[in-house]
Amino acid sequence: MFLGLDLGTSGVKALLVDDAQAVIAEGAAALTVERPHSGWSEQDPDSWIGACKAAIAAVRDRAPTEFAALKGIGVSGQMHGATLLDENDRPLRPAILWNDGRSEVECGVLEGRADFRGIGGNIVMAGFTAPKLEWVRQHEPDIFAKTRKVLLPKDYVGLWLTGRHMSEMSDAAGTLWLDVAKRDWSDSLLGATGLTRDHVPDLVEGSEQAGMLRAELAAEWGVSNVGVAGGAGDNAATACGLGITTPGDAFISVGTSGVLFTTTDHFASNTEGAVHSFCHAVPETWHQMGVILSAADSLNWLSQITGQSPQQLTGLVDDIPNGASPALFLPYLSGERTPHNAPNATASFLGLKREHGVREMAQAVLEGVAFALNDCRSAIETSGASLSSAWVAGGGSQSNTWLNIIAAATGLTLKVPDSGAQGAALGAARLAMASTGATDVFSAPSVSAVVEPDHALMQAYKERQVEFRAAYS
């Protein structure tokens, strides 16, 4: 038996699978985000441990006999979060999360100190870990001085599981302290934020063993000799869950944020297009991502304003719209990454008239997110990739209407997996399997549906996307 833990922003998921990757039991627990100031986003690191305990307890209750045969654990998690620990491994402050935008000024400062784009492969953005530490150094110097270790969110969970400070390549690449081509920490990039290798965890590959489950937890859970894998950042874990480990494979995730992810066999960056270039969770493999910060979150925002659920809103729109909405929506509620790198970008509706209502606004939101994902595709293909199809993941992918809109906006054929268990938790469990020596664990799922781009809607969207890009500039 293998356990996959997925530490998300809004909750933790636990998934127990057997040697054949059949799902045995699932568990979940919710998390909350604190926003003490505009643009800030924080969580208590110990709330992650509490949520993990609750999710694991649910799995144990549902499958006690199977859980007792546990062989390995893998953890995936939200990336970029800065978890600052003291000499006793206790958090010094709430973790600063991936969607926190307070460090915009520090980004420009760091760009002038070291070759983050060349070595780290990415623009210094407020969402990444390095500028968060520079912000702490400038605004909370006492806390910075007490900091002995900086861990990513999933690696704090790993510390709880193993007692070791460990990370792996896919998540570490999102700190901006990793030499992404060499798959090792960069002394010059660490030094630019006043850190050394002593402040960061040891590195392993995601499919390697990072440590053994602590004796106290093993005794409490009634298990023995359980290894803990390196794991993966959330998107790399989702790719592992979907079998996307071969160059050219791709997926689109429509969660709180939106992602277009493609696997590569070498390190290649495109900082001009604000493309993320990271290591994959499996050895000798890398990936590129286009990231938008408000995908399903845009629909959730409209839901809160209108009092209608996201499902009700998507239900107002035809399964295949007969044309673009008369309104245009720019989905930059939390700023934007690819391709604009604009943490202060703002969202807006354009073209609204008195006769328009919730239906037109709902369609505009679905389309605005799809147009932003197409911007990601254009930026990635500028780097030399060529995409024709992509798997889909995330809550937004449950809407046939939204999938039809995304397919028409991007021109990609979308493949829907046949199991709701596919994704980051399964990817983490697969990495746990690989860490015990199992082979051929990263297979693609069966296809439950294929969404081809509708030709008429593609034509309608071509002109609309020109307006979309012009509206931002």
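Each remark here, short or long, concerns the structure printed above.
Bear in mind the structure is a predicted one, so any value in this text is a computation, not a measurement.

Once that is clear, we can look at the sheet that holds strand E16 (residues 250-254). Sheet architecture is open: seven strands sit in the order E18-E19-E17-E16-E22-E23-E24, paired in mixed fashion. The open sheet is flanked by strand E18 (276-279) and strand E24 (447-451), the only strands paired with a single partner. Direction aside, the axes of adjacent strands within the sheet are offset by 25 degrees on average. As paired strands, E18 and strand E19 (residues 286-292) are joined by four bridges and run antiparallel to one another. The residue bridging Cys 279 from the neighbouring strand is Trp 286, located in E19. This element, helix H11 (residues 234-241), spans E16, strand E17 (258-264), E19 and strand E22 (389-393) of the sheet and lies at about 65 degrees to E17. This element, helix H15 (residues 400-410), spans E16, E22, strand E23 (413-417) and E24 of the sheet and lies at about 145 degrees to E23.

This part covers the pairing of strand E1 (residues 2-7). Burial analysis of E1 places six of its six residues in the buried class, the great majority of the element. Where burial is concerned, the two faces of E1 agree: the one with Phe 2, Gly 4 and Asp 6 and the one with Leu 3, Leu 5 and Leu 7 are both buried. Bridge analysis of E1 against strand E5 (residues 72-77) gives six bridges, and the strand direction is parallel. By the bridge assignment, Leu 5 is partnered in E5 with Val 75. Pairing between E1 and strand E2 (residues 11-17): six bridges, direction antiparallel. Looking at the pairing, Leu 5 lines up with Ala 14 of E2. Hairpin connection of E1 to E2: three residues between the antiparallel strands.

Attention shifts here to the nonpolar core. Membership of the largest hydrophobic core comes to 88 residues, with the highest contact counts inside it found for Leu 5, Ile 73, Val 157, Leu 161, Trp 177 and Trp 221. In terms of residue count, the dominant contributor to this core is helix H1 (residues 45-62) (seven residues). Contact partners of Ile 73, with chain neighbours within four places excluded, come to Leu 3, Leu 5, Leu 161, Leu 213, Trp 221, Val 226, Gly 227, Val 228, Ala 229 and Ala 432. Listed in part, the 48 residues of the second largest apolar core include Leu 366, Ala 407, Ala 408 and Phe 468.

Scanning all chains against the criterion turns up 20 salt bridges. Put simply, Glu 111 and Arg 117 hold a salt bridge, and the shortest N to O gap is 3.1 Å. Accessibility expressed as a relative area gives 25% for Glu 111, which makes it partly exposed. Linking Asp 171 and Lys 154 is a salt bridge whose minimum nitrogen-to-oxygen distance equals 3.2 Å. Placement of the pair is Asp 171 in helix H8 (residues 169-172) and Lys 154 in helix H7 (residues 153-162), with a sequence separation of 17 residues. Note on Asp 171: relative accessible area 0%, which makes it buried. The class of Lys 154 is buried, set by a relative accessible area of 2%. Here the residues in one salt-bridge network are Glu 42, Arg 93, Asp 100, Arg 102 and Glu 140, joined through shared partners.

In this section: the packing of helix H12 (residues 296-306) against helix H14 (residues 358-382). Look at H12 against H14: their axes get within 9 Å of each other, and the N-to-C directions meet at 160 degrees. Viewed along their axes, H12 and H14 adopt a mutual orientation that is roughly antiparallel. Taken as a pair, H12 and H14 cross one another with a handedness that is right-handed. In this structure, H12 uses Ser 298, Leu 299, Leu 302 and Thr 306 to contact H14, whose residues at the interface are Val 358, Met 361, Ala 362, Val 365, Leu 366 and Val 369. Taken together, the residues of the contact of H12 with H14 sort by class into eight nonpolar, two polar and no charged.

Time to look at unusual backbone geometry. The amide bond that connects Thr 338 to the next residue, Pro 339, takes the cis arrangement and shows omega of 0 degrees. Along the chain, Pro 339 falls in the loop between strand E20 (328-330) and strand E21 (348-350). Backbone geometry places Arg 183, a non-glycine residue, at a positive phi of 60 degrees. Here Arg 183 is to be found in the loop between strand E10 (178-179) and strand E11 (184-185). A positive phi angle, close to 55 degrees, is found at Asp 440, a residue other than glycine. Residue position: Asp 440 is located in the loop between helix H16 (424-435) and E24.

Criteria and thresholds
Residues numbered from 1 in each chain as written. Predicted model: local features only at pLDDT ≥ 70, side-chain atom pairs only at ≥ 80, totals over all residues. Heavy atoms only, no water. Pairing = 2+ DSSP bridges. Helix = DSSP H or I, 4+ residues; strand = E, 2+ residues; numbered from the N terminus. Axes fitted to C-alpha atoms, helices over the stretch in contact; angles between N-to-C directions. Contact = heavy atoms within 4.5 Å. Buried < 20%, exposed > 50% of the residue type's maximum accessible area, 1.4 Å probe, protein only. Core = buried A, V, L, I, M, F, W, Y, C linked by side-chain atoms within 4.5 Å. Salt bridge = Lys/Arg side-chain N within 4 Å of Asp/Glu carboxyl O. Parallel < 35°, antiparallel > 145°, perpendicular 65-115°, else oblique. Left-handed = near helix turned anticlockwise from the far one by under 90°. Nonpolar A, V, L, I, M, F, W, Y, C, P; charged D, E, K, R; others polar.

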